[in-house]
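# Report on the structure
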Amino acid sequence: MKISSRTDITDLHIAAASLASGIPVATFNVRDFVMINEFYPLPGIYDPSTRVWHAKAELEASYFMVPQQGPANSNHHAKRELKFLMNY
């Protein structure tokens, strides 16, 4: 991978954060992230301007399930996050 500008270095930092956290990247600069994805598969690359996923990784639903405190709404957030995964 050729790094030719400071933007590319910033993209590498964003890709590293995406890999470390398991959170997909939403960007208008899809080309650079698709290139990074060839070497380091990202959790996902989404272009919000076209509403197109350029890379999707299979994520475990348990990764997004956050334990809740108290019996009320105990699965509310987990269901919402799981619904998000099913739609993308």
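Because the structure is a prediction, the values reported are computed rather than measured. (Residues numbered from 1 in each chain as written. Predicted model: local features only at pLDDT ≥ 70, side-chain atom pairs only at ≥ 80, totals over all residues. Heavy atoms only, no water.)

## Topic: the overall build of the protein chain
Secondary structure assignment for the protein chain yields four helices and three strands. Starting at the N terminus and ending at the C terminus, the protein chain contains elements arranged as α-β-α-β-β-α-α. The proportion of buried residues among the 88 residues of the protein chain is 24%. For the protein chain, long-range pairs separated by at least 24 residues make up 28% of all intrachain contacts whose partners lie at least 6 apart in sequence. Total accessible area on the protein chain is roughly 6,500 Å²; 57% of this is exposed by carbon and sulfur atoms. (Helix = DSSP H or I, 4+ residues; strand = E, 2+ residues; numbered from the N terminus. Buried < 20%, exposed > 50% of the residue type's maximum accessible area, 1.4 Å probe, protein only. Contact = heavy atoms within 4.5 Å. Areas by Shrake-Rupley, 256 points an atom, 1.4 Å probe, with all protein chains shown as cover.)

## Observations concerning the sheet that holds strand β2 (residues 44–47)
Read across the sheet, three strands follow the order β1-β2-β3 without closing on themselves; strand pairing throughout is mixed. Bordering the open sheet on either side are β1 (25–26) and β3 (52–56), each of which pairs with just one other strand. The pairing of β1 with β2 spans two bridges and is parallel. The residue of β2 that forms the bridge with A26 is Y46. Each of β1, β2 and β3 is contacted by helix α2 (residues 30–39), which is oriented at about 165° to β2, the strand it contacts most. (Pairing = 2+ DSSP bridges. Axes fitted to C-alpha atoms, helices over the stretch in contact; angles between N-to-C directions.)

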